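Single-letter residue listing:
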Amino acid sequence: MKSNYSVSVIVPVYNEIALLASALRRIDSFLADRFADYELLVIESGSTDGTAALCDELAPTLPRLRVIHEGAKNGYGSAVKLGYRTAGKDLVWVITADLPFPLEAIERALPLLAENACVLSFRSKDSRPPFRKIQSFFYNLLVRTFLDLRIRHVNSAFRVFKRDLIQSLRLRSDGWFIDAEVLYRLREQKTHFAEIPVELMERTAGHSTIGLLTPVQLIYDMLVFLQSDKA
């Protein structure tokens, strides 16, 4: 039986030509089997590898796909915020082109939305190299401490929101800090949410835009955010 919820899936992309076609077809097929009403919103942010043209080529083959060209690489947060503002269905779900979690996680989340405004996740399995795990551990520790967040993994990728909730949040971050800012805003509003365990899956093609210094930039962004939020 298909869900009574409709869903907007936001796919932010930048230089993902190796993954994009297969990822969008897989997401579309998955949604078609489980939702009577859905939309795929691709937010393309000034790619330089042919991804922008590929998005336009794919659009006629996937009727539920809408491509929005942001025009420049303004940051992951900028793309996600544009997707949040544009979403028109009951639920809003961000899925990056590397498919970092099993799509089936949504099936465990949907029943929990009867009593919660969103469903977040924590990593039940993490196959990343040890250095990446250490980076993530200290980033999560610092963010949970400074933002007073009661959540296991700040940057666990799976999360689904009711549209009225996510569109009500006053979000400012344009970079990777956007995920932590969303959690901070949820705490401000005393939002009821559920957490589920979701496996982290490593990408199989293409290149991640997350570098060795990304956690440092994230911490800097957090400190700037806290200063400006209190001003």
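As shown above, the structure is provided for reference.
Please read all numbers here as calculations on a predicted model, not as lab measurements.

**Student:** Help me out: how do you make sense of the environment of Asp37 in this one?
**Tutor:** Note that Asp37 resides in the loop between helix H1 (20–34) and strand E2 (38–44). Asp37 gets classed as partly exposed once you look at its relative accessible area, which sits at 32%. Sequence-wise, Asp37 and Lys2 are 35 residues apart; in three dimensions their C-alpha atoms are separated by 9.3 Å. Apart from residues lying up to four places away in sequence, Asp37 is in contact with Tyr5, Ser6, Val7, Arg64 and Lys89.

**Student:** Sorry, what's going on with the side chain of Ser78 here?
**Tutor:** Position of Ser78 among the secondary structure elements: in helix H3 (residues 76–86). Dropping the residues within four chain positions of it, Ser78 is found in contact with Glu70, Ser173 and Asp174.

**Student:** How should the pairing of strand E5 (residues 118–126) be read in this particular structure?
**Tutor:** Looking along a regular strand, one sees the side chains alternate between the two faces of the sheet. Inspection of the sheet shows E5 paired to strand E6 (residues 160–162) by 2 bridges, in the antiparallel sense. By the bridge assignment, Cys118 is partnered in E6 with Phe161. Sheet topology places E5 next to strand E7 (residues 193–200); 8 bridges connect them, and they run parallel. Bridging across to E7, Leu120 finds its partner in Glu195.

Thresholds applied
- Residues numbered from 1 in each chain as written.
- Predicted model: local features only at pLDDT ≥ 70, side-chain atom pairs only at ≥ 80, totals over all residues.
- Heavy atoms only, no water.
- Helix = DSSP H or I, 4+ residues; strand = E, 2+ residues; numbered from the N terminus.
- Buried < 20%, exposed > 50% of the residue type's maximum accessible area, 1.4 Å probe, protein only.
- Contact = heavy atoms within 4.5 Å.
- Pairing = 2+ DSSP bridges.

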